[in-house]
Amino acid sequence: HSLKCPAGHTITEVLYANFGENDGGCGSYVADCATATSAAVVEAACLNKESCSVTASTAVFGNTCKGRARSLAVNAVCSSTTSAWSTDTAPTNVGNFKLDTPECPYSDHIQNKLPESMRTSGVCTSWDMGTAVAGEAKLFAATVSDVCGYPGYAPPSDFALTSEITFQGYLDTSIAATCPSIATTTPATVSVNSTFAGSDEPCGRFGDVYLFSYMPTEARNGQLTISSGGNKLVDSSVSVVPGAISAKNTVVKGHLMAAEAGVPTTIVVEPKDAFGNAMVGSTDYSDVFQYSLTDSSGNAYASKVTVEKEAGQTYKFTVTYPEADEVYLALYVGLTIMEGFPKTVTVSQPQMRQAVNYGAAPAARFEHTMESHGSNIYVFGGATQDGSYAGDTWKWNNADVDDDWKYRRTFDISGLTGAYVAEFTLHTKELINEGKMKPDCSDILFLTAAGVELDYFMAPRGRELGCHCKKGTTVYVSLPSSAVDE
């Protein structure tokens, strides 16, 4: 190893000398493994000389740092007798740190850099930095290095990290929400814990990896940021999805206390996870839900039950009780009974109702003959209200009736001379809670007396006087002139 000053200059000071493992560059050398006699050997060979040579060998310096990649690094000052040289060190990036792109913490590349106490197991093929599950710990790792890309440095004490996930505000439009004017809800910020793997390790053996972890509870899209001082090191989006369906937090609305024999009743179920997050996406969870029905004697109660996925992630149980009784209804998520079940349902005797008919119908009569055959009902003869006898025959086809519209009501509007917009107030919140209406009010239908569908407008869920509003929902129905004429 040779040192040589410019002409007319001699070596007047040895700033750094080490035979061992060195990092950095001239002006900012750092010894990862040092030989204590290095400076003395170099000074003895070089001070006050214009040039010098020192053999970099164990014979000269001893066998310290055995088994390490050794070299001789020297930083010396040359001085002139006529002018003084500056001893300022050259500019360098050594010691300026950055955080590399976050990555899967389960790879061998990361695990081999962690001390035994921090190692964990997992699969990188299913790991995704941009997604997390509510209620489950999320881990990721990042390597710290200087800005030249050299790893293996323990960061300075002022390299403190601030890591967190923030969320945007949102309107809660679930069937459990209240109205009107639902306020914007902003989820709390989630803290992200960081642990430096090199703490208390000699020679920075594990000194270039940070391990991060967090556990979100809100199923929302958030923004992950990691900062040091005023510098933002990481800024990436994170999508938190709901956890497994919880039997305790799943919301159930509808006919849970009373029903009528032979009349289909509806129960609306909105599945939620353990933190109250509603399920999202297109996955059909119908098979997750189970039910049981028993009579007052504890025997299985035979009934017709169907489960249907509605818009979004709501599910409709349609239950038809065949006969009057006290029935015990239980709903399950898998094998776990839902909160508040079983419930006692009082099934009453069936009630007679007038059939809904569109178009022509037979005149009111008595002493007529009526028979049913298949899905048809036949009416013949009889006496009309004025006492005359009728000789006509009518057939009413029950198969043409839409059984899904079970809660029809008739509105009589008179005094109109042209097209008109009628304003109605519907108590949709009560209808939804009783299981008679979908949570988003999408199953409202207005028809003319002839069965022609009418256009209407209503505010969406979460708005003043909109769907599910406690004060009532205002609906505007367009009545064309043709409907007014009817």
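Analysis parameters
Residues numbered from 1 in each chain as written. Predicted model: local features only at pLDDT ≥ 70, side-chain atom pairs only at ≥ 80, totals over all residues. Heavy atoms only, no water. Helix = DSSP H or I, 4+ residues; strand = E, 2+ residues; numbered from the N terminus. Buried < 20%, exposed > 50% of the residue type's maximum accessible area, 1.4 Å probe, protein only. Contact = heavy atoms within 4.5 Å. Areas by Shrake-Rupley, 256 points an atom, 1.4 Å probe, with all protein chains shown as cover. pLDDT = per-residue confidence, 0-100. Pairing = 2+ DSSP bridges. Axes fitted to C-alpha atoms, helices over the stretch in contact; angles between N-to-C directions. Core = buried A, V, L, I, M, F, W, Y, C linked by side-chain atoms within 4.5 Å. Salt bridge = Lys/Arg side-chain N within 4 Å of Asp/Glu carboxyl O. Phe/Tyr/Trp six-rings, centres within 6.5 Å; stacked < 30°, edge-to-face > 60°. Disulfide = S-S within 2.5 Å. Lys, Arg positive; Asp, Glu negative; His and termini not counted. Polar contact = N/O pair within 3.5 Å; in protein donor to acceptor, adjacent residues only side chain to side chain. Arc of directions from axis to C-beta.

Student: For this particular structure, what's the right way to read the overall build of the chain?
Tutor: In terms of helices and strands, the chain carries 5 helices and 31 strands. Buried residues in the chain amount to 37% of all 486 residues. Contacts in the chain between residues far apart in sequence, at least 24 positions, make up 63% of those at least 6 positions apart. Carbon and sulfur atoms provide 49% of the accessible area of the chain, an area that totals close to 27200 Å².

Student: Where do I start with the confidence of the model for the chain in this structure?
Tutor: Detailed reading of predicted coordinates is not advised where the pLDDT is low. Predicted confidence across the chain gives a mean pLDDT of 82, with 84% of residues reaching 70 or more. Taken as a whole, residues 200-205 scores under 50 in pLDDT and shows 5 contacts with residues more than four places along the chain or in a different chain.

Student: Looking at this structure, how should I read the sheet that holds strand β15 (residues 251-254)?
Tutor: Sheet strands pair via backbone hydrogen bonds, and the direction of the pair is either parallel or antiparallel. Across the sheet, which stays open at both edges, the 4 strands sit in the order β15-β17-β20-β19 with antiparallel pairing between neighbours. Strand pairing shows two members of the sheet lacking a second neighbour, β15 and β19 (304-309), which therefore form its edges. Each neighbouring strand pair of the sheet contributes to a mean axis angle of 20 degrees, computed without reference to strand direction. Note that β19 and strand β20 (residues 315-320) share 6 bridges and pair antiparallel. Pairing of T306 across the sheet is with T318, part of β20.

Student: Sorry, what's going on with the pairing of strand β9 (residues 161-167) here?
Tutor: Side chains L161, S163, I165 and F167 of β9 all project onto a buried face; the interleaved residues T162, E164 and T166 project onto a face where none is buried. When β9 meets strand β13 (residues 221-228), the two strands line up antiparallel, connected through 7 bridges. Bridge pairing in β13 places S163 opposite I226.

Student: Sorry, what's going on with the nonpolar core here?
Tutor: Note on soluble globular proteins: their nonpolar side chains tend to be buried together. Formed by 26 residues in total, the largest nonpolar core has its most connected members in L99, F140, F212 and Y214. Those elements that place two or more of their residues in this core are β6 (97-99), β8 (138-146), β9, β12 (209-214), β13 and β14 (231-241). Not counting residues within four places of it along the chain, the set of residues in contact with F140 comprises P102, E103, P105, W127, M129, V192, Y210, L211, F212, Y214, L224 and I226. In this structure, V305, Y315, V333 and F341 belong to the second largest nonpolar core, which totals 25 residues.

Student: Can you walk me through the pattern of salt bridges in this structure?
Tutor: Opposite charge on two side chains makes pairing possible when the charged atoms of those side chains draw close. Applying the stated criterion to the full structure yields 6 salt bridges. Ionic pairing is found between D235 and K232, a salt bridge with its closest N-O pair at 3.9 Å.

Student: Looking at this structure, I do not really get the packing of aromatic side chains. What am I missing?
Tutor: Think of a pair of aromatic rings as described by two things: how far the centres are apart, and how the planes are tilted against each other in angle. Within the structure shown, the criterion is met by 11 aromatic pairs. Seen in terms of ring centroids, F19 and F61 are 5.1 Å apart; in terms of plane orientation they differ by 15 degrees. Their pairing is stacked. Here F61 lies in helix α2 (residues 58-61) and F19 lies in strand β2 (residues 9-23), a separation of 42 residues in the sequence. With a relative accessible area of 5%, F19 lands in the buried category. Ring centres of F289 and Y315 lie 5.3 Å apart, and the angle between their planes is 55 degrees; this geometry places the pair in the tilted category. You can see F289 sitting in strand β18 (residues 289-294) and its partner Y315 sitting in strand β20, a full 26 residues away along the chain. A single burial state applies to F289 and to Y315, both of which are buried. Counting every residue linked through ring pairs, the aromatic cluster contains F140, F196, Y210 and F212.

Student: Can you walk me through the state of the cysteines in this structure?
Tutor: In a disulfide, the sulfur atoms of two cysteines are held together by a covalent bond. By the definition in use, this model includes 5 disulfides. One disulfide bridge connects C5 with C78, the sulfur atoms lying 2.0 Å from each other. Between C5 and C78, the disulfide has an S-S torsion of -80 degrees and is therefore left-handed. Residue C5 is found in the loop between β1 (2-4) and β2, and its partner C78 is found in strand β5 (residues 71-80); the two are separated by 73 residues along the sequence. Across the pair, exposure class does not vary: C5 and C78 are buried alike.

Student: When you look at the sheet that holds strand β7 (residues 131-133) in this model, what are you seeing that I'm missing?
Tutor: Judged by pairing direction, the sheet is mixed, and its 5 strands sit side by side in the order β7-β14-β13-β9-β10 without closing on themselves. Each end of this open sheet is capped by a strand with a single partner; those strands are β7 and β10 (190-191). The sheet contact formed by β9 and β10 spans 2 bridges and is antiparallel. Looking across to β10, one finds that I165 is bridged to V190.

Student: Can you walk me through the side chain of K138 in this structure?
Tutor: Locating K138 in the fold gives a position in strand β8. Salt bridges are absent for the buried K138, whose nearest opposite-charge side chain, D128, sits at 6.1 Å. At 2.5 Å, the side chain of K138 and the backbone oxygen of D128 are in polar contact. Ignoring sequence-local partners within four residues, the contact set of K138 consists of W127, D128, M129, T131, A132, F212, S213 and Y214.

Student: Which parts of the structure should I look at to understand helix α1 (residues 38-46)?
Tutor: Because each turn of an α-helix spans 3.6 residues, side chains separated by three or four positions in sequence point in the same direction. Taken together, the buried positions of α1 are occupied by S38, V42 and C46. Buried residues of α1 fall within an arc of 35 degrees about the axis and therefore sit on the same side. Exposed residues lying more than 90 degrees from the buried face of α1 are A40 and A44. Of the surrounding secondary structure, the elements contacted by the buried residues of α1 are β1, β2, β4 (51-53), α2 and β5. One or two steps after α1, the chain reaches N48, where phi turns positive at roughly 70 degrees.

Student: Any chance you could explain unusual backbone geometry here in plain terms?
Tutor: In this model, F341 is joined to P342 through a cis peptide bond whose omega is 5 degrees. If you trace the backbone, P342 turns up in the loop between β22 (336-337) and β23 (343-348). Notably, N48 is not glycine yet its phi reads approximately 70 degrees, a positive angle. Summarising the element assignment, N48 is placed in the loop between α1 and β4. A relative accessible area of 63% means that N48 is categorised as exposed. Of note in this structure, E367 is not a glycine but carries a positive phi near 55 degrees. One can find E367 in the loop between β24 (365-366) and β25 (369-373).

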